[in-house]
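Residue strings, one per chain:
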Amino acid sequence: MKTNNTDLTYLKAKNRVEKLKKFYNHLAVYIIINSIITAFKVFNSLGSWESFTNELFSFDVLSSWTVWGLVLVIHLISVVFFQDWEERKIEAYMKKENETKRWN
């Protein structure tokens, strides 16, 4: 029984690490892609310092960072706060299945 418990603990930890790794990959892609989008938009209107700042803080550039940033925050919340809920549900289903097997 102890081996099964350590295997289950290992699998839970591995699952958490995989989800955290996916979040970090999402964060890296967010930064890289939005930086490229911002660079293209800003360098297209590089006439003066005023046009640079106007384009840097334009709706197109800021909306890309903001909308995708909100999606990234939702991803972070799901990784950090809903992990325990998922584990409790898995354990409840496993317990229910074990009880059903005992009665059959």
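The following refers to the structure shown.

The rules behind these values
- Residues numbered from 1 in each chain as written.
- Predicted model: local features only at pLDDT ≥ 70, side-chain atom pairs only at ≥ 80, totals over all residues.
- Heavy atoms only, no water.
- Helix = DSSP H or I, 4+ residues; strand = E, 2+ residues; numbered from the N terminus.
- Rg over C-alpha atoms; globule rule 2.2 N^0.38 Å.
- Buried < 20%, exposed > 50% of the residue type's maximum accessible area, 1.4 Å probe, protein only.
- Contact = heavy atoms within 4.5 Å.
- Lys, Arg positive; Asp, Glu negative; His and termini not counted.
- Charge placed at Lys NZ, Arg CZ, Asp CG, Glu CD.
- Phe/Tyr/Trp six-rings, centres within 6.5 Å; stacked < 30°, edge-to-face > 60°.
- Expected span 1.5 Å × (residues − 1).
- Arc of directions from axis to C-beta.

### What about the overall build of the chain?
Now for step 1: Looking only at helices and strands, the chain has four helices and zero strands in total.
Now for step 2: Order of helices (α) and strands (β) in the chain, N terminus to C terminus: α-α-α-α.
Now for step 3: Computed over its C-alpha atoms, the radius of gyration of the chain comes to 23 Å, more than 25% above the 13 Å expected for a compact globule of 104 residues.
Now for step 4: For the chain, the spread of C-alpha atoms along the principal axes amounts to about 75 × 20 × 15 Å.
Now for step 5: The buried share of the chain, reckoned over its 104 residues, is 13%.
Now for step 6: Long-range contacts, defined here as pairs at least 24 residues apart, represent 71% of the contacts in the chain between residues at least 6 apart.
Now for step 7: Of the side chains in the chain, 14 bear a positive and 11 a negative charge, and the two mean positions are spaced by 10 Å.

### Some remarks on the packing of aromatic side chains
Now for step 1: In total, this model carries three aromatic pairs according to the counting rule given.
Now for step 2: Considering the side-chain rings of Phe23 and Tyr24, the 5.8 Å spacing of their centres and the 55° angle between planes classify their relative orientation as tilted.
Now for step 3: Classification of Phe23 as buried rests on a relative accessible area of 8%.
Now for step 4: Judged by centre distance (5.4 Å) and plane angle (85°), the rings of Tyr30 and Trp65 are edge-to-face. Taken together, the residues span a long stretch of sequence, with Tyr30 in helix α1 (residues 2-44) and Trp65 in helix α3 (residues 59-80) at a distance of 35 residues.
Now for step 5: According to the relative accessible area criterion, Trp65 is partly exposed, its value standing at 26%.
Now for step 6: Three or more aromatic residues joined by ring pairs form one cluster here, namely Tyr30, Trp65 and Trp68.

### Some points on α3
Now for step 1: Counted at 1.5 Å a residue, the expected span for α3 with its 22 residues is 32 Å, and the 31 Å between its end C-alpha atoms agrees.
Now for step 2: Buried within α3 we find Val61, Ser64, Gly69, Leu72 and Val79. Angularly, the buried residues of α3 cover 115° about the axis, an arc narrow enough to put them on a single face. Exposed residues on α3 whose side chains face more than 90 degrees from its buried face are Phe59, Val67, Leu70 and Ile74.

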